[in-house]
Amino acid sequence: MPHWWEKETIRFECQKGCIQCCTRPGWVYFDKEDVQNAAAFLGLPPSTFKTRYRLRPFGPGNWEMQVEEQQPCPFLSEQGCSIHPVKPKQCRTFPFWGENLRTRRDWNKTGEHCPGIGEGPAWSSRLIRDNIESAGP
Ligand code: SF4
Ligand code: SF4
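Since this is a predicted model, take the numbers as computed values, not measurements.

**Topic: the site of ligand 1**
Then, number 1: Neighbouring ligand 1 are Cys14, Gln15, Cys18, Ile19, Gln20, Cys21, Phe94, Pro95, Cys114, Pro115 and Gly116.
Then, number 2: A per-class count over the shell around ligand 1 returns 8 nonpolar, 3 polar and no charged.

Below, the structure written as structure tokens:
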């Protein structure tokens, strides 16, 4: 049975400078490749990177970093994401996460804090599926 987003037009375009998705409380997930890329980008050994940014194990080969209320992601700078070229897959694929696309209602709710939803070009079902699959846990 097709997903609802395969039958409806889904528009999204990130509104530059918005940064709401980097300031809301939640979790940022890193898989092994995300850790290696971000650590190398910052010139740190992966173990130091994990300790410095308080990454906790989350299942085999995955780590999570908590973003708390009133305390944005530590990688957020005045210019935006300071690890943008290597930011974790979870960040690169937002807002196309399975949980946000479960129902049209979930998608609309995500749009309450992501002003890019409903803007810009229509996204193909294939691209949406690719994003959901690479978003991680
Ligand atoms: S909340 Fe949405 S529009 Fe704002 S920066 Fe994040 S992805 Fe872009
Ligand atoms: S890693 Fe970058 S994109 Fe991801 S939440 Fe932090 S600042 Fe935002």
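That shown, we press on.
**Here we look at helix 3 (residues 32-42)**
Then, number 1: Within helix 3, burial applies to Asp34, Val35, Ala38 and Ala39. The buried residues of helix 3 occupy an angular sector of 120° when projected down its axis, which confines them to one face. Away from the buried face of helix 3 by more than 90 degrees, exposed residues Lys32 and Glu33 are located.
Then, number 2: The inward-facing, buried residues of helix 3 abut strand 2 (26-31), helix 4 (46-52), strand 4 (62-67) and helix 5 (89-93).

**Overview of the environment of Arg24**
Then, number 1: Mapped onto the elements, Arg24 comes out in the loop between helix 2 (20-23) and strand 2.
Then, number 2: Each C-alpha atom of the pair Arg24 and Cys14 lies 16 Å from the other, and the pair is 10 residues apart in sequence.

**Here's the deal with the site of ligand 2**
Then, number 1: In the neighbourhood of ligand 2, the contacting residues comprise Cys22, Val28, Cys73, Phe75, Leu76, Cys81, Ile83, Lys87 and Cys91.
Then, number 2: Residues of the shell around ligand 2, tallied by class, amount to 8 nonpolar, no polar and 1 charged.

**Looking at the nonpolar core**
Then, number 1: Judged by nonpolar contacts, Val28, Tyr29, Phe30, Val35, Ala38, Ala39, Phe49, Leu55, Trp63, Cys73, Phe75 and Cys91 together constitute the single largest core of 12 residues.
Then, number 2: Setting aside residues up to four positions removed in sequence, Cys73 forms contacts with Cys22, Val28 and Val67.
Then, number 3: Within the second largest apolar cluster, 8 residues are counted, among which are Ile10, Phe12, Phe96 and Ile117.

**A short note on the sheet that holds strand 4**
Then, number 1: Within the open sheet, the 3 strands sit side by side as 2-4-3. Their pairing is antiparallel. A strand with exactly one partner marks an edge of an open sheet, and here the two such strands are strand 2 and strand 3 (56-57).
Then, number 2: Alignment of strand 3 against strand 4, held across 2 bridges, turns out to be antiparallel. By the bridge assignment for strand 4, Arg56 is matched with Glu64.
Then, number 3: Relative to strand 2, helix 3 is tilted by about 90°, and along the sheet it contacts strand 2 and strand 4.

Procedures and definitions
- Residues numbered from 1 in each chain as written.
- Chains lettered and ligands numbered in written order.
- Predicted model: local features only at pLDDT ≥ 70, side-chain atom pairs only at ≥ 80, totals over all residues.
- Near = placed C-beta within 6 Å.
- Nonpolar A, V, L, I, M, F, W, Y, C, P; charged D, E, K, R; others polar.
- Buried ≥ 20, exposed ≤ 12 C-beta atoms within 10 Å, placed from the backbone.
- Helix = DSSP H or I, 4+ residues; strand = E, 2+ residues; numbered from the N terminus.
- Arc of directions from axis to C-beta.
- Contact = placed C-beta atoms within 7 Å.
- Core = buried A, V, L, I, M, F, W, Y, C linked by C-beta atoms within 7 Å.
- Pairing = 2+ DSSP bridges.
- Axes fitted to C-alpha atoms, helices over the stretch in contact; angles between N-to-C directions.

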